[in-house]
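A structural walkthrough
For reference, the chains in residue letters:
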Amino acid sequence: MEISVIGAGYVGLTTAACLSEIGHHVLCADNDAMKLDSLRAGRVPFFEPHLDELVARNHKSGRLEFTTTEKAIDFGKALFICVGTPPLENGEADLSAIESVARQIAQSARGYRLIIEKSTVPVQTAQRLAKHMAIYNTNRLDYDVVSNPEFLREGSAVEDFFHPDRIVVGAESARAVALLQEIYQPVLNSRTACPAHSICPAHVKPTFVVTDTSSAEIVKHASNSFLAMKISFINMIADLCEAAGADIERVAEGIGMDHRIGPAFLRPGIGFGGFCFPKDLQAFVHIGEKMGCNFSLLREVENINVARVEQFVARIKKELWVLRGKTIAVWGLAFKPNTDDVRFAPSLAIIRRLIAEGAKVQAYDPQAVEKTKKEIPEMIYAENPYNAAKGADAILILTEWDEFRGLDWQRLLEAVERPLMIDGRNMLSADEVTSHGFDYVSIGRVPQPSSKLAAGQLATPVAAKSE
Ligand code: UGA
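For every chain, the first residue of its written sequence is number 1, and the numbers climb from 1 along that sequence. For this predicted model, a pLDDT threshold of at least 70 governs which residues receive local features, and a threshold of 80 or more governs which side-chain atom pairs are given and counted, while totals over whole chains, interfaces and linings are taken from all residues. Excluding hydrogens and water, the side-chain values take into account all heavy atoms of the structure.

Here we take up the site of the ligand. Neighbouring the ligand are 19 residues, the closest being Leu152, Glu154, Lys220, Asn224 and Cys276. Whenever two N or O atoms come within 3.5 Å, that pair is a polar contact, provided that in protein one can donate a hydrogen and the other can accept it, and provided that, for residues adjacent in sequence, both atoms are side-chain atoms. Separating an oxygen atom of the ligand from a backbone N or O atom of Phe335 is a distance of 3.0 Å. Note that an oxygen atom of the ligand is positioned 3.1 Å from one of the side-chain N or O atoms of Arg425. Note that accessible areas follow from Shrake-Rupley with a 1.4 Å probe, and for residues the cover is restricted to the protein chains shown. Protein coverage of the free-state accessible area of the ligand, which is 710 Å², stands at 94%. The secondary structure listing takes helices from DSSP runs of H or I that are at least 4 residues long and strands from runs of E that are at least 2 residues long, numbered from the N terminus. With three residues, the single largest contributor to the shell around the ligand is helix H9 (residues 213–244). Throughout this entry, Asp, Glu, Lys and Arg are counted as charged residues, while Ala, Val, Leu, Ile, Met, Phe, Trp, Tyr, Cys and Pro are counted as nonpolar. The remaining residues, Gly among them, count as polar. Residue composition of the shell around the ligand, by class: nine nonpolar, two polar and eight charged. Note on terminology: near, applied to a residue and a molecule or strand, indicates that one of the residue's heavy atoms is within 4 Å of it.

Okay, here's the thing in structure tokens:
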């Protein structure tokens, strides 16, 4: 099918590249001319596993092109709207970009268009879009407006496109549903090989869920809010474990074995970040309250998350006492592994607090350094975890990159001033870390003193315990 995707951000570019991979002819548009040039030259402006190879392959074959919004509106029978909906001061989503694209479509497209709202929006946006388009429809355009929320996770977005749990379509006409089904047929039938795997694991075929537009919009916000609620819940229980001398890992395992709860999203830590959960949660609270509903439960989810930063800083101070003049190594800047995204990353909030208290921070991240430099230029950036740890009074793990699992402990012990590791993601095992002479502090687990090796004395390496 001839498809246009408006907006070449994380969601738009991934959607465009994956749609071209499953056989559609896709025009991907953006208002940023420099971004378009860079995409045409094969440069993806952010790190997302497998996306660059998909963009290169499909651009070369001519199935994926980069163009202006005007040309894209003129081209696709199906128009995916993937423009940003950033938060306003009061937490409400800013819908001006969506409104502007809808107006352009109404004023310039001819014939029939399937308008697919992919950006995350408040409930009733599709209804408003349809009404708004009717006002500006000067060419007797025939159109349907549908909601088709995305559930892609950064870091595994390509894999998620090919192996979704479900494809949700909110539509008011059978014609629109049939077109969406046609677009996603290769994914629904698991017909196209997923570029993220050489051999795809046996996945259950995705369910095609059809609802009205408002229900589909709520599915998106409610899913993200529910996942955020699970994280704040486990963080609250982690605090109790710590106070009571219990172990959150065992508790989470015990809870997650109940199939009604499930084991996912029960990892405690420094809180959730990224451009989705914090803003979607705020926007959902805003909508709920605007519609007269009691959303205090979700307000508390947000409060718990915001407090994680201060709690973590307090934990660091408990260990280091005074921060002024101390050297602190930070491992991990991205809001989660396998991405270079630092938007609303708790790591950045923690670093800003440490610098404000006079600490010298030396940071390392495999992907997110360039983006962090724009936010915190005054910090020292290291090329590897060992250089970051040079002369450090503590090492903080703030993102659970796989790279931090296979460490050269001897090199690390020689680099630090004081062997103390504060693991904000519970990614290492206390036994492993302490057996190498480090003190280990983590979240919701009983603090582990080291095996009291004298400074400089090296432990016999033990096999890394699998997590
Ligand atoms: C999230 C959703 O998972 C996607 O389904 C959704 O499409 C996307 O938002 C979106 O709305 O665009 P994403 O923000 O990429 O995806 O990342 P997640 O993997 O969901 O992680 C979000 C945050 O929660 C990260 O900071 C992560 O470290 C944290 N987290 C996650 C925890 O602290 N504990 C957990 O157990 C899981």
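Bringing the packing of aromatic side chains into the picture now. Here a Phe, Tyr or Trp ring, Trp counted by its six-membered ring, pairs with any other such ring whose centre lies within 6.5 Å, and the pair is stacked when the planes are under 30 degrees apart, edge-to-face when over 60, and tilted otherwise. This structure, assessed with the given rule, holds 10 aromatic pairs. Measuring from ring centre to ring centre gives 6.3 Å for Phe161 and Tyr184, while their planes differ by 45°; the resulting arrangement is tilted. Note that Phe161 is positioned in helix H7 (residues 157–162) and Tyr184 in helix H8 (residues 174–188), a separation of 23 residues in sequence. We note that Phe161, like Tyr184, is buried. When the ring of Phe284 is compared with that of Phe295, the centres are 5.3 Å apart and the planes differ by 80°; the resulting orientation is edge-to-face. With a gap of 11 residues between them, Phe284 in helix H11 (residues 277–290) and Phe295 in the loop between H11 and helix H12 (296–320) connect regions that are remote in the sequence. Across the pair, exposure class does not vary: Phe284 and Phe295 are buried alike. Only protein chains enter the accessibility calculation, which uses a 1.4 Å probe; a residue is then buried when its area is under 20% of its type maximum, exposed when over 50%, and partly exposed in between.

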